[in-house]
Amino acid sequence: MESGPAKILSTFSTLRERTFRDLVAEKASLLSFIRRRTRNGAEAEDIYQEAMERLTRKLRTGTVPDNPLGYMYRITTNLINDSQRHNEQPLEALDDVAESLRCQRPQPDQQLNDQQHLALFVKQLNDLPVTLRSIIVLSRVHGVSNKQIALQFGLSAKAVEKQINRAIRNIEARMAQQLESEG
């Protein structure tokens, strides 16, 4: 006859095994419960397996829940909720939706304003000496490097850069004056 710690260990081991067997016998009802909530057979099996693993870990720590079946239902409910939270698609921010619906073309008044500014820029560009105008067009419109422009016009790359920057600043200043006098 067993006594003391050996008897307690044996009793606990028997209780643990009986609890596990009882819950395995409830597998069909647990799976049915999970399927009703998830509407996915494969996911139901995964959730059941995870719940059994968690119960097994708890039993290995030496703790048997007072209500093992209730404990299993609580674990599966938590796992179902976690799964549903994980599978939910986050709603797009309202600003993102509004941005995607916004017309990509400028409004008519903005188009008119842009056309007027472009016409004014072209007028100012045409007022420049031919060589300087050609340098700006090659650089800004055709994307030719300053080094290539310098070779073509017999200048240094630094001189080309300075001429372009100075001409653009002058054009911008004259455009600002003209727009200010009109407005």
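Rules of the game
- Residues numbered from 1 in each chain as written.
- Predicted model: local features only at pLDDT ≥ 70, side-chain atom pairs only at ≥ 80, totals over all residues.
- Heavy atoms only, no water.
- Helix = DSSP H or I, 4+ residues; strand = E, 2+ residues; numbered from the N terminus.
- Buried < 20%, exposed > 50% of the residue type's maximum accessible area, 1.4 Å probe, protein only.
- Contact = heavy atoms within 4.5 Å.
- Areas by Shrake-Rupley, 256 points an atom, 1.4 Å probe, with all protein chains shown as cover.
- Expected span 1.5 Å × (residues − 1).
- Salt bridge = Lys/Arg side-chain N within 4 Å of Asp/Glu carboxyl O.
- pLDDT = per-residue confidence, 0-100.
- Arc of directions from axis to C-beta.

Draft legend 1. How the structure looks around the overall build of the chain. Assigned secondary structure in the chain consists of 9 helices and 0 strands. Its helices and strands in sequence order give the chain the pattern α-α-α-α-α-α-α-α-α, from N to C terminus. Residues counted as buried form 23% of the 183 residues belonging to the chain. Counting only contacts in the chain whose residues sit at least 6 apart along the sequence, the fraction spanning at least 24 positions is 57%. Surface summary for the chain: the accessible area is close to 13,300 Å², and the carbon and sulfur share equals 52%.

Draft legend 2. Structural context of helix H3 (residues 41-60). The end-to-end C-alpha distance of H3, which contains 20 residues, comes to 29 Å, matching closely the 28 Å that a straight helix rising 1.5 Å per residue would cover. For H3, every residue scored as buried is listed here: Glu 43, Ala 44, Ile 47, Tyr 48, Ala 51, Met 52, Leu 55 and Leu 59.

Draft legend 3. Looking closely at the environment of Leu 30. Along the chain, Leu 30 turns up in helix H2 (residues 27-38). Overall, the relative accessible area of 0% leaves Leu 30 in the buried class. Along the sequence, Leu 30 and Tyr 73 sit 43 residues apart, while their C-alpha atoms lie 7.3 Å from each other. Residues contacting Leu 30, with those up to four places away along its chain left out, are Leu 23, Tyr 48, Met 72, Tyr 73 and Thr 76.

Draft legend 4. The arrangement of the side chain of Thr 77 in detail. Note that Thr 77 resides in helix H4 (residues 68-87). Residue classification places Thr 77 among the buried residues on the basis of a relative accessible area of 15%. Discounting residues that sit within four places of it in the chain, Thr 77 has contacts with Phe 33 and Arg 37.

Draft legend 5. Up close: the pattern of salt bridges. Tallying each qualifying case throughout the model produces 5 salt bridges. Arg 35 is paired through a salt bridge with Glu 45; the nearest N and O atoms lie 3.9 Å apart. Note that Arg 35 is positioned in helix H2 and Glu 45 in helix H3, a separation of 10 residues in sequence. You can call Glu 45 partly exposed: its relative accessible area is 30%. We note a salt bridge from Arg 57 to Glu 50, for which the minimum N-O separation is 3.9 Å. Residue Arg 57 is classed as partly exposed on the basis of its relative accessible area of 43%. By relative accessible area, Glu 50 is classed as partly exposed at 26%. Residues joined by salt bridges that share partners form a network here, namely Glu 50, Arg 54 and Arg 57.

Draft legend 6. Layout of the confidence of the model for the chain. When the pLDDT values of the chain are averaged, the result is 81; 81% of them are 70 or greater. Mean pLDDT across the secondary structure elements of the chain bottoms out at helix H5 (residues 94-101), with 61, and peaks at helix H8 (residues 146-153), with 93.

Draft legend 7. Quick peek at the environment of Asn 81. Residue position: Asn 81 is located in helix H4. The spatial distance from the C-alpha of Asn 81 to the C-alpha of Thr 38 is 9.4 Å, given a sequence separation of 43 residues.

Draft legend 8. Structural view of helix H6 (residues 108-126). Across its 19 residues, H6 extends 27 Å between first and last C-alpha, which sits within 8% of the 27 Å expected from 1.5 Å per residue. Every buried residue belonging to H6 is among Leu 120, Gln 124 and Leu 125, and all of these are buried. Within H6, the buried residues cover an arc of 140° as seen down the axis, which keeps them to one side. Turned more than 90 degrees away from the buried face of H6 sit Pro 108, Gln 115 and Leu 118, all of them exposed. Those residues of H6 that are buried are in contact with helix H7 (130-141) and helix H9 (157-182).

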